[in-house]
Every structure is written in C-alpha cells, then in structure tokens.
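# Remarks on the overall topology
Spelled out, the chains give:
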Amino acid sequence: MSRHIHIEASGDDAARAPLLTSHPELASLDSDEGEVLFERSSGDNANDVHGRRQRKLTYEEAVEEAGFGLFHGLLLVVCGWANASDAVEILCVSFLLPTARCDLHLSSSDMGLLTANIFLGMMIGGYMWGYLADQRGRQKVLVISLTVNGVFGALASFAPRFWLFLLLRFISGVGVGGSIPVIFSYFSEFQPRLKRGAMISALATFWMAGNILAAGLAWLIIPRTWVRFSLGGLDFQSWRLFVVLCSVPSLTSALIFSLAMPESPRFLMEAGRETEALHVFCRMFAINHRGSLKTFPICGLHAPSEKEERETMRGGTHTQRFVNLLKQGLTPIRQLFVGELASRSVCLVVIFYCISFGYYGLWMWFPELFKRAEDGGSPCANVSRLQSHDNQSCYPVKTAVYMEGFVTAASNLPGNIFTILLMDVIGGKALLCCSLLLSSVSVFLIYEVKTKAQSLLISCVFSGVSVVAWNSLDVLGTELYPTQLRSSALGFFTGVGRVAAIMGNIVFGQLVDTNCVIPVLLVSALLLTGGITALRLPSTKQAELT
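Below or above, wherever it landed, is the structure these notes cover. (Residues numbered from 1 in each chain as written. Predicted model: local features only at pLDDT ≥ 70, side-chain atom pairs only at ≥ 80, totals over all residues. Heavy atoms only, no water.)

## Let's talk about the nonpolar core
Grouped together as the largest cluster of nonpolar side chains are 88 residues, with contacts concentrated most on I90, F119, F242 and L432. When residues of this core are assigned to their parent elements, the largest contribution, 12 residues, is made by helix 14 (residues 341-363). Setting aside chain neighbours within four positions, we find I90 in contact with I118, F119, M122, V176, I180, W207, Y360 and M364. If you look at the next biggest cluster of nonpolar residues, it comprises 48 residues, including L76, A133, V141 and V174. (Core = buried A, V, L, I, M, F, W, Y, C linked by side-chain atoms within 4.5 Å. Buried < 20%, exposed > 50% of the residue type's maximum accessible area, 1.4 Å probe, protein only. Helix = DSSP H or I, 4+ residues; strand = E, 2+ residues; numbered from the N terminus. Contact = heavy atoms within 4.5 Å.)

Given below as structure tokens:
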C-alpha cells in the first residue's frame, strides 16, 4: 500500500508530520493503492489557485483552506456550553450534599456512594457513546447523550427516596459520559493545525465556566430556604430547585446541536461521504469569509475508498448479531494496545487513573469539608465526629460554604488563561507533567493547614494548577490517536478515570469521619505518580491529526 505525495520541502516539515506512521491493523480503514492524493507546484498564485481547483485535497488541507474565523468562534461557544453543562451536572451533587444529606437521611458512606454513582454511569456511557460516535457520527451522539443527561438530571430532583435519586443520577451520568469525550473529538476535527492546541485549551476552559455556574447557582439558590413547597407528598426544598436548574444547560445544548450544528467533516470523509464533508467545508469558508466574493477553492476531497465493513452486523440470528456487535465494540480497545499506540495508551491509563482519583475524590468533597471547617481549624481536624442526620445540622444553611465553593471554582481562571497562551508554545506534555507535580505538592499541604483561611487558599491553588493538567490531557487525548479511534480512545480513558473517581469518592466517604489524612496523602502520591508517567508520552505540539 502506497500513497504518492509530492510536496516541496519546507522548514516546518517536522512539525507537520503526523504522530502516527502506518499501522497494519488500521490499514483497512484508510487505503488507496497507488493513488496520487495531490500535487503542489511552486508556480505563481494564479496557477496555485487553479491547481487547487483541479485537485482533490486531503482533510488537513481542506481545513486550512476553509480558514479560521467566525465559524470557529461560534463553534467554540456552542461546544463550550455543552462542556460547561457536563461540569454543572457532575459538580451539582457536591454542592447539594451539605443540605440534601438531611432530607435524604444520608450517612457519609451514602454521600460517598452518591458522588461515586454518577461516575459509574459515566464509565459505562463513556465507551458506549465514544464507540457509537466513531461508527454513527459525532453530532447525533452528542444530541442524544446531552438529552439523556438533562432529562434524567431534572427528574432526579423529584425523587422522594435516596435509591430513586441514586438511580436517576446514574442514568444522567451515562449521558454525561458520552458528551465529554465526544465533544472534544468533534471540536478538534474542525480546527486548523496551528490553532488546534489553543482552541482545545479554550474549549476546556468552559469546564471552569460550568464549575463557576454550578457554584454560583448553589450560592444563590440553596441558602434560600423560603423556596419551599409541597408537591404531592414531596417536600420540594431549595436544593431540589437547584438540581432542576442544573439540567437546563444540557437540554439547551442538545437543542442547539440538533438544530444548528453540522457533522464533523473528518468523520464524513472517513465514512466516504465526501459530498457532505465538502458542504461542511463550504459552510465554514462562507462564515469565515463573510462579506467576501471568494468561493471555496476546492472542487473535491480525497477520502479513503475502502469503508469499514458493517454488513456482518445485519445478518444472522439475534445471538450472532449481538456477538458481532460485541466483537466490533471491543476492536478499538485492542487496537489501542497494538504497535506504537501501546506505550502511550498504557501511560494514559495510569495518568487518567491518578488524576481522576485525586481530582474528583477531593473536589467533590470540598463543600462538605468547608462546612466542617466552619468552626475553625483544618477540615481534617474536625471530621472525627459523627454527622447528625436531623435537620438541625443542615439548617439554617451556611452561606459561607457556597461562597468558598464559588471562590475555589473561580480560581481555575488563571490556569485556563495560562494554558491557552502557552499550549502551542510549550506543548501539552510539558504542561501536563509540571501541573501534576505541582498539584501533588498542593494536596500534600492540605495535611499541614491549621486554619480555615489556609484551607481555602490551598484549595484555590490546587484548583488553579490541576486545571492545567486536565486541559493538557484534553489536547493530548485528541492528538495521540487517529480519527477512527479518537472518540473510542477518549471514551475508554475517561472510563478508566471514572473507575478511579468512583474509588476516590468511596474512599473519602469511608474515611472522612475517621481519618481524612489517609485519602489526602494518597491523592498526593497518585498525582506525583501521574506526573512522572507523563514524561514517557510523545510530544504532540502542532502535530497533524491522523
């Protein structure tokens, strides 16, 4: 199998080189025997424009020809709102714990189970939706997963019993698990090479926006205990209204994607739908060059001529179709651990586990720890006591708890700005290593704090530093894998992260009343391990998507 590409040498050839060379196991997905993809000449501009109109271009060149401008800004806002909606849905549980635990009669172990529950749903949904996105399209999967997230998240507010609340939050988590990895694959496949790192970093900052939105809503709504009425036999209190409002971003995102957003052109080309992909590129060009008389200077696109076989899923008995579907679903996982992909996949498994255990295990408990630090001293100094389930321990609601959560969420901002400015300069690998190491140090210092003010300060430092690691992972995860594996890979690794998040929340739930020093030091050690492991990843700075 060979492709003949004649391109004049340029100074940034190394930077333009794809991260992945040929893979025998992926060859069937992308092969054209002996076909000339495109030829470039060094003639004048007129000849160059004429040449572009006469030849078919690859995906990467078509993205460059479409330009960069208003379309990408609008895309950033829409995808960012979807990313923020996922953050709101996940983090809303942590903000309702200090109050809802009395109404639902929760012990600390129950609270750990509740915070872990949504991650269990995300673990299942992450790979399932990621696989479907690689097979059926990014845009369709985003609409469905965001709808599942929003609908079941809202229904949870009406659950009168803990077990029903737990079940509905689990199903909501299945939806969240789909939209998180798919949104980054979808967004990255519209970006030109030199802008990709900064734009993905900008998209990741909307997680901070969702975090701030959740904290702000909690601060605004939950302390308003007068927001209370009876709905049948249900005592609908302020925290339940907060849960309903947290579902609105997901539902509005699903509506926008269903009405206004195109399918990924990269996916369309891989699926052999060149005409549809060309239409998307023309739409991008028209929006980016609004007011101009120029037209999209490409007459066609080159896409793989061989499509992935799907006919085996259509025939046979129900059992055979199920077995074929299961085998086809597991194929991307096997491909992640073959050849040169294997080492980077192992590293990312370790990194996702370490950062997810640490971040979600600690972050989801910040509001509860702040509440326990209200009497003064460190959070871990005041946890060795039984938590009362009666409403006297939850009401009146202490507004300072939600103010501190809001401040901690807002402290993400410096880290996000830092990432946007330096991602394409330093590269995701270096930022990931440094941020994980600094996060480890900041978590260790939680063990040493003596006052409430010190606790808040260290929490803000951890928030600002750890967000750099997450943003770097978002960039690396999209650039380390080819299109036909990208969403499946992100879904698989986020699934690994969900396992770690579940374990982290259960560990905190079991130990927060007896000895919270143990999980705090464990988090510090895991973040250090992740930072060291990241040194073995390849650099992806300004690399082409494969």
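## Some thoughts on empty space enclosed by the protein
This structure, assessed with the given rule, holds 5 cavities of 30 Å³ or more. Estimated volume of the largest cavity: approximately 300 Å³. If you trace the largest cavity, you find 19 residues lining it, with I180, F184, W207, W470 and D474 closest to the centre. Those elements that provide at least two residues to the lining of the largest cavity are helix 7 (162-188), helix 8 (196-221), helix 14, helix 19 (452-479) and helix 20 (483-511). At 6 residues, helix 19 tops the list of elements feeding residues into the lining of the largest cavity. Looking at side-chain class alone, the lining of the largest cavity contains 12 nonpolar, 5 polar and 2 charged residues. (1 Å grid on protein atoms, 1.4 Å probe; cavity = no way out; pocket = protein on both sides within 12 Å on 5 of 7 lines; lining within 4 Å. Points joined across faces, edges and corners; volume = space filled by probe spheres on them. Nonpolar A, V, L, I, M, F, W, Y, C, P; charged D, E, K, R; others polar.)

## Comments concerning unusual backbone geometry
Of all residues except glycine, most have a negative phi; of all peptide bonds, most are trans. The backbone of H105 shows a phi angle near 55 degrees, a positive value even though the residue is not glycine. In this fold, H105 is placed in the loop between helix 4 (70-103) and helix 5 (108-136).

## Regarding the environment of R169
Summarising the element assignment, R169 is placed in helix 7. Owing to a relative accessible area of 1%, R169 belongs among the buried residues under this scheme. When neighbours within four sequence positions are excluded, R169 is seen to be in contact with E89, C92, V93, L114, N117, I118, G153, A156 and V243.

Everything listed here is a matter of geometry and, on its own, says nothing about what the molecule does.
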